[in-house]
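# Architecture and fold: a report
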Amino acid sequence: MGDVRYSYIVKTTPNQLYDYLKQASNVADQLSESFDVELPNPDATLEQGFEIDWRLTRYGITQPVKISVDEALRGERLSYRQLEGMFRQWRHIVQLSVHDESSTLVTETVHY
């Protein structure tokens, strides 16, 4: 199993960033730089215990992907894992922490 971890600063508060990230349609917009994304339920939110289906297309190949949200702690952490999809196993963890009064340090970790 491998890990990729990277950090960056976003000019917004942890709660505001969390509220943006928990909307599946916003995640789909971010993925759209690399994939054509079909989200059957654009109103879906990444809430703990929820499962969300996607269809990702790249280079003409479409892959259904299902994720399960493991943790959803407002302003702190969001993590989800792949149940079905292109990898044998995959988990994404987004950790949010205060950088200064108007910025958030985001640390993303992908276990694969």
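Whatever comes next refers back to the structure up there.
The shown structure was predicted, so the numbers you read here are calculated from the model rather than taken from an experiment. (Residues numbered from 1 in each chain as written. Predicted model: local features only at pLDDT ≥ 70, side-chain atom pairs only at ≥ 80, totals over all residues. Heavy atoms only, no water.)

Both the distance between ring centres and the angle between the ring planes are used here to describe each pair of aromatic rings. Applying the stated criterion to the full structure yields two aromatic pairs. For the pair Tyr-6 and Tyr-8, a centre-to-centre distance of 6.0 Å together with 20° between the ring planes defines the contact as stacked. The exposure class of Tyr-8 is partly exposed, given its relative accessible area of 32%. For the ring pair Tyr-80 and Trp-90, a centre distance of 5.9 Å and an interplane angle of 50° mean the geometry is tilted. Within this pair, whereas Tyr-80 is found in strand S5 (residues 77–84), its partner Trp-90 is found in the loop between S5 and strand S6 (91–100), the two being separated by 10 residues in sequence. Accessibility expressed as a relative area gives 9% for Tyr-80, which makes it buried. (Phe/Tyr/Trp six-rings, centres within 6.5 Å; stacked < 30°, edge-to-face > 60°. Buried < 20%, exposed > 50% of the residue type's maximum accessible area, 1.4 Å probe, protein only. Helix = DSSP H or I, 4+ residues; strand = E, 2+ residues; numbered from the N terminus.)

Let's shift gears to helix H1 (residues 14–21). Pro-14, Leu-17, Tyr-18 and Leu-21 are the residues of H1 that are buried. Each buried residue of H1 lies within a common arc of 100° when the element is viewed along its axis, so the set occupies one face. (Arc of directions from axis to C-beta.)

Its boundaries defined by the atoms lining it, the largest pocket holds a volume of some 610 Å³. Lining the largest pocket we find 26 residues, and of these Val-27, Leu-31, Tyr-80, Trp-90 and His-92 sit closest to its centre. If you list the elements that add at least two residues to the lining of the largest pocket, you get strand S1 (3–10), H1, helix H2 (24–31), strand S3 (51–58), strand S4 (61–73), S5, S6 and strand S7 (103–111). For the lining of the largest pocket, the residue count by class is 19 nonpolar, four polar and three charged. Val-4, Tyr-6, Phe-87, Trp-90, His-92, Glu-108, Val-110 and Tyr-112 are the residues that line the second largest pocket. Those elements that provide at least two residues to the lining of the second largest pocket are S1 and S7. Its residues placed into classes, the lining of the second largest pocket shows six nonpolar, one polar and one charged. (1 Å grid on protein atoms, 1.4 Å probe; cavity = no way out; pocket = protein on both sides within 12 Å on 5 of 7 lines; lining within 4 Å. Points joined across faces, edges and corners; volume = space filled by probe spheres on them. Nonpolar A, V, L, I, M, F, W, Y, C, P; charged D, E, K, R; others polar.)

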